[in-house]
Amino acid sequence: MSWGTELWDQFDNLEKHTQWGIDVLEKYIKFVKERTEIELSYAKQLRNLSKKYQPKKNSKEEEEYRYTSTRAFLATLNEMNDYAGQHEVISENMTSLITGELTRYVQELKQERKSHFHDGRKAQQHIETCWKQLEASKRRFERDCKEADRAQQYFEKMDADINVTKADVEKARQQAQLRHQMAEDSKAEYSSTLQKFNSEQHDHYYTHIPNIFQKIQEMEERRIVRIGESMKTFAEVDRQVIPIIGKCLDEITKAAESIDHKNDSQLVIEAFKSGFEPPGDIDFEDFTQPMKRTVSESSLSNSRGDGKSEPKFGGKSKGKLWPFIKKNKLMSLLTSPHQPPPPPPASASPSAVPNGPQSPKQQKEPLSHRFNEFMTSKPKIHCFRSLKRGLSLKLITLNTQVWSLIEGAGPEDFSNLPPEQRRKKLQQKVDELNKDIQKEMDQRDALTKMKDVYIKNPQMGDPASVDHRLAELGQNIEKLRIEVQKFEGWLAEVEGRLPMRTEQARRQSGLYEAQNSSAVNSCAQDRESSPDGSYTEEQSQETEMKVPATDFDDEFDDEEPLPTIGTCKALYTFEGQNEGTISVAEGEMLYVIEEDKGDGWTRIRRNEDEEGYVPTSYVEVYLDKNAKDS
């Protein structure tokens, strides 16, 4: 089966077909290029995805990756990065083994095709020239034969005419012979040209054209084989990375199987265990004995008997002992360490303690004492206002602690943390310092060896040149050891206190419960008790660390504002970010409406609508003389 014999007359169609074959090859090259671009884009997106979810350095996310589930997720991210690398390998191999090779082959193929069809056109032009020569010889022979026939007829006519002279007859005879001779010559030339054309035509259709078409056929078959090999390479490139991709997937599966829910639960305990013990039982308080008051005529029962309206915060529900704080909030207050107001930024006035100390840390007086303090003027209103103040200040204290933790502020010995967390932080600090000491000692040993080498071989360097660095390293090691001893002392103190933390926690919780019980009982002693003898409050489930807004605050919203007892000047700028506080600018003058009760906070007012608490150490207070006397 040969194109030269079967398709000897299909030169134009073969030319179109081979051009179509080259177009197909170029289309396949374009397809592979786009595939490589997709692989690169996919790999880039996978890498960006993996990078997006990688934990950021020196962030809270790094601490989360100690759990087995998050470590498995991190392993998945790393394997996805390797997975993306395999897709990059696919793109590189396809570019080098398919796209580049086929691009060069297409250029060679175009040149070869151009050469073969040039030879074919040249052969066709040659046979067409021979055909034209044959046609010209044939027409010339035909013309000469016709002219010889006309000359013969003319001679015969002249020879039969008696009136024509003998000379004219002889002339006609010679002309007829000449024409006959020319016809014979044309016949011989036509015969020779015909034989030559037939030979050329035979060579053209049986030798030249078949050879050219055979070369074109071989060229086309090589193109077909080459595109088939490229398709195999296309598949092999993918198949080569399948084992590595499979390994990546196996590692992801292995990481998933390594997740240990029990271990993660234990890590949660280690991360958040405070070391405190739950509060003990609440002691029974006997209210059958009359309460001691500073003024015997003033009491909640008398105010109730005078017909004054009673705050409606407990007349609808039953069975709830603490009307202001949810159980979980109460537990958090019991276990949270006390945080004083923030210290001033610098000591700039006589009233400020040097180096910016915190307000004197005094134990908060029981709420019952605060009730008795205000019973003389407005027993019921000041009772609840004092209670609200205590709760608000507790909120401010807690929020201040949270902000200090968020901003990284805190004492060096981590005393603001619960015992268990403090122990872990101190242990971590000791380990870090020991690592720093080891690094410094390694550097010192290396320099010592270098100095010994310099001593033995003075040409290599001056031994005295490393003395300054050795002394510096010795000082650094000594400082680090002092730091280690300091933190180890704190650690030993914490570890020595941990076994005794039960009684301490019980005393703390008992103190807080006593304060809260005194406050509630002082304000609600002469309320009617429920049939089971307990005081109830429905709104306690709807409030967190504050007095219910309905039926309670409404009674006091319409009252007259507290009178001013003096003025104050802001020594520093204070950003009141917590609930109940107010922002002040340095040098601003404001009114004092309630002085510090020992908790480090002073209540001030800017205008009728703006009032709140500021740290006492941030302001300089000027109390009116009349207010002091009263």
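Please read these numbers as outputs of a predicted model, since none were measured by experiment.

K.L.:
How should the overall build of the protein chain be read in this particular structure?
P.N.:
When you go through the protein chain residue by residue, the secondary structure sums to 15 helices and five strands. Residue pairs in contact within the protein chain that sit at least 24 positions apart in sequence constitute 76% of those at least 6 positions apart. If you sum the accessible surface of the protein chain, you get close to 38,900 Å²; carbon and sulfur atoms cover 51% of it.

K.L.:
Please explain the pattern of salt bridges as it appears in this structure.
P.N.:
Side-chain pairing between opposite charges can occur once the charged atoms of the two side chains come close. Scanning the model with the defined rule gives 24 salt bridges in all. Salt-bridge contacts for K486 lead to E483; the nearest nitrogen and oxygen are separated by 3.3 Å. In this pair, K486 and E483 are both assigned in helix α12 (residues 467-497), three residues apart and thus about one turn of the helix distant. Judged by relative accessible area, which is 28%, K486 ranks as partly exposed. One salt bridge connects R606 with E610, and the closest N-O pair in it is separated by 3.1 Å. Owing to a relative accessible area of 26%, R606 belongs among the partly exposed residues under this scheme. Shared partners join several salt bridges into a network, and the residues in it are E594, R603, R605 and E611.

K.L.:
How do you make sense of the environment of V169 when you look at a structure like this?
P.N.:
Topologically, V169 is positioned in helix α5 (residues 166-257). Taking the C-alpha atoms as reference points, V169 and M158, separated by 11 residues in sequence, lie 5.6 Å from one another.

K.L.:
Help me out: how do you make sense of the pairing of strand β3 (residues 601-605) in this one?
P.N.:
The two faces of a sheet get side chains in turn, since along a regular strand they alternate between them. Burial of β3 is extensive: five of the five residues sit out of reach of the surface. Here β3 shows a buried face lined by W601, R603 and R605 and a second buried face lined by T602 and I604. With three bridges connecting them, strand β2 (residues 589-594) and β3 associate as antiparallel partners. Pairing of Y591 across the sheet is with R605, part of β3.

K.L.:
Help me understand the sheet that holds strand β4 (residues 611-615), please; the structure alone is not making it clear to me.
P.N.:
Spatially, the five strands line up as an open sheet ordered β4-β3-β2-β1-β5, and their pairing is antiparallel. Bordering the open sheet on either side are β4 and β5 (619-623), each of which pairs with just one other strand. On average, adjacent strands in this sheet sit at an angle of 40° to one another, irrespective of strand direction. As defined by bridge partners, strand β1 (residues 566-570) adjoins β2 across four bridges and the pair is classed as antiparallel. Looking at β2, one finds that T567 is bridged to Y591.

K.L.:
Honestly, the nonpolar core in this entry has me stumped. Any pointers?
P.N.:
Here is a general trend for soluble globular proteins: nonpolar side chains tend to be buried in one another's company. The biggest cluster of nonpolar side chains holds 31 residues, and the ones touching the most others in it are L25, Y28, M94, I98, F213 and I216. When residues of this core are traced back to their parent elements, those giving at least two are α2 (11-52), α4 (68-160) and α5. Counting residues per element, this core draws most heavily on α4, which supplies 11 residues. Leaving out residues up to four positions away in the same chain, F213 has contacts with W3, G4, L7, W8, F11 and L14. With 15 residues, the next largest nonpolar core counts A570, V584, V592 and Y613 among its residues.

K.L.:
In this structure, what is going on with α5? I would like to understand it.
P.N.:
Each turn of an α-helix holds 3.6 residues, which means side chains three or four residues apart point in the same direction. Given a rise of 1.5 Å per residue, 92 residues ought to cover 136 Å, and the 133 Å separating the end C-alpha atoms of α5 matches this to within 8%. Along α5, the sharpest change in direction is near 45° and occurs at H204.

K.L.:
Looking at this model, I keep getting lost on the environment of C130. Mind explaining?
P.N.:
For C130, the position within the fold is in helix α4. With a relative accessible area of 5%, C130 lands in the buried category. C-alpha of C130 to C-alpha of L194: the two residues are 64 residues apart in sequence and 9.0 Å apart in space.

K.L.:
Mind showing me how you'd approach a nonpolar patch on the surface here?
P.N.:
Together, W8, Y205 and Y206 line one region of the surface with nonpolar side chains, adding up to about 360 Å² of accessible area. Tracing the chain through its elements places Y206 in helix α5.

K.L.:
Would you mind going over the packing of aromatic side chains with me for this structure?
P.N.:
Think of a pair of aromatic rings as described by two things: how far the centres are apart, and how the planes are tilted against each other in angle. Enumeration according to the criterion identifies 11 aromatic pairs in this entry. Between Y53 and F73 the ring centres are 6.4 Å apart and the planes differ by 75°, which places this aromatic pair in the edge-to-face class. Here Y53 is found in the loop between α2 and α3 (60-64), whereas its partner F73 is found in helix α4, with 20 residues between them in sequence. With a centroid separation of 5.6 Å and 80° between ring planes, the pair formed by Y572 and Y618 is classed as edge-to-face. Here the residue Y572 occupies a position in the loop between β1 and β2, and Y618 occupies one in the loop between β4 and β5, the gap between them amounting to 46 residues. Neither Y572 nor Y618 differs from the other in exposure class; each is buried. Positioned above the aromatic ring of Y105, the side-chain terminus of R226 is 4.8 Å from the ring centre.

K.L.:
Can you help me understand the side chain of T18 in this one?
P.N.:
Assignment of secondary structure puts T18 in helix α2. Overall, the relative accessible area of 1% leaves T18 in the buried class. A distance of 3.0 Å separates a polar atom in the side chain of T18 from the backbone oxygen of L14.

K.L.:
Which parts of the structure should I look at to understand the packing of α2 against α5?
P.N.:
Where α2 meets α5, the axes come as close as 11 Å, and the angle between the chain directions of the two elements is 15°. Comparing their axes, α5 and α2 come out roughly parallel. Helix-helix and strand crossings are classified by hand; for α2 and α5 the assignment is left-handed. Residue composition of the contact of α2 with α5, grouped by class: 15 nonpolar, four polar and four charged.

K.L.:
Where do I start with the side chain of E440 in this structure?
P.N.:
Counting through the fold element by element, E440 comes out in helix α11 (residues 419-456). Buried and unpaired, E440 has R469 as its nearest opposite-charge partner, separated by 4.8 Å. Leave out the neighbours within four places in its chain, and E440 touches L473, N476, I477 and L480.

K.L.:
How should the packing of α2 against α4 be read in this particular structure?
P.N.:
Relative placement of two packed helices is described by the angle separating their axes and the distance separating the axes. It is at 8 Å that the axes of α2 and α4 come closest, and there the two elements cross at 165°. By the angle class used here, α2 and α4 are roughly antiparallel. Two packed elements cross with a definite hand, and for α2 against α4 that hand is left-handed. Of the residues that constitute the contact of α2 with α4, the class distribution is 23 nonpolar, 14 polar and 10 charged.

Procedures and definitions
- Residues numbered from 1 in each chain as written.
- Predicted model: local features only at pLDDT ≥ 70, side-chain atom pairs only at ≥ 80, totals over all residues.
- Heavy atoms only, no water.
- Helix = DSSP H or I, 4+ residues; strand = E, 2+ residues; numbered from the N terminus.
- Contact = heavy atoms within 4.5 Å.
- Areas by Shrake-Rupley, 256 points an atom, 1.4 Å probe, with all protein chains shown as cover.
- Salt bridge = Lys/Arg side-chain N within 4 Å of Asp/Glu carboxyl O.
- Buried < 20%, exposed > 50% of the residue type's maximum accessible area, 1.4 Å probe, protein only.
- Pairing = 2+ DSSP bridges.
- Axes fitted to C-alpha atoms, helices over the stretch in contact; angles between N-to-C directions.
- Core = buried A, V, L, I, M, F, W, Y, C linked by side-chain atoms within 4.5 Å.
- Expected span 1.5 Å × (residues − 1).
- Bend = angle between axes of the 7 residues up to and from the residue.
- Patch = residues over 30% accessible without salt bridge, like charges linked within 9 Å, V, L, I, M, F, W, Y side chains within 5 Å.
- Phe/Tyr/Trp six-rings, centres within 6.5 Å; stacked < 30°, edge-to-face > 60°.
- Lys NZ or Arg CZ within 6 Å of the ring centre and 35° of its normal.
- Polar contact = N/O pair within 3.5 Å; in protein donor to acceptor, adjacent residues only side chain to side chain.
- Parallel < 35°, antiparallel > 145°, perpendicular 65-115°, else oblique.
- Left-handed = near helix turned anticlockwise from the far one by under 90°.
- Nonpolar A, V, L, I, M, F, W, Y, C, P; charged D, E, K, R; others polar.
- Lys, Arg positive; Asp, Glu negative; His and termini not counted.

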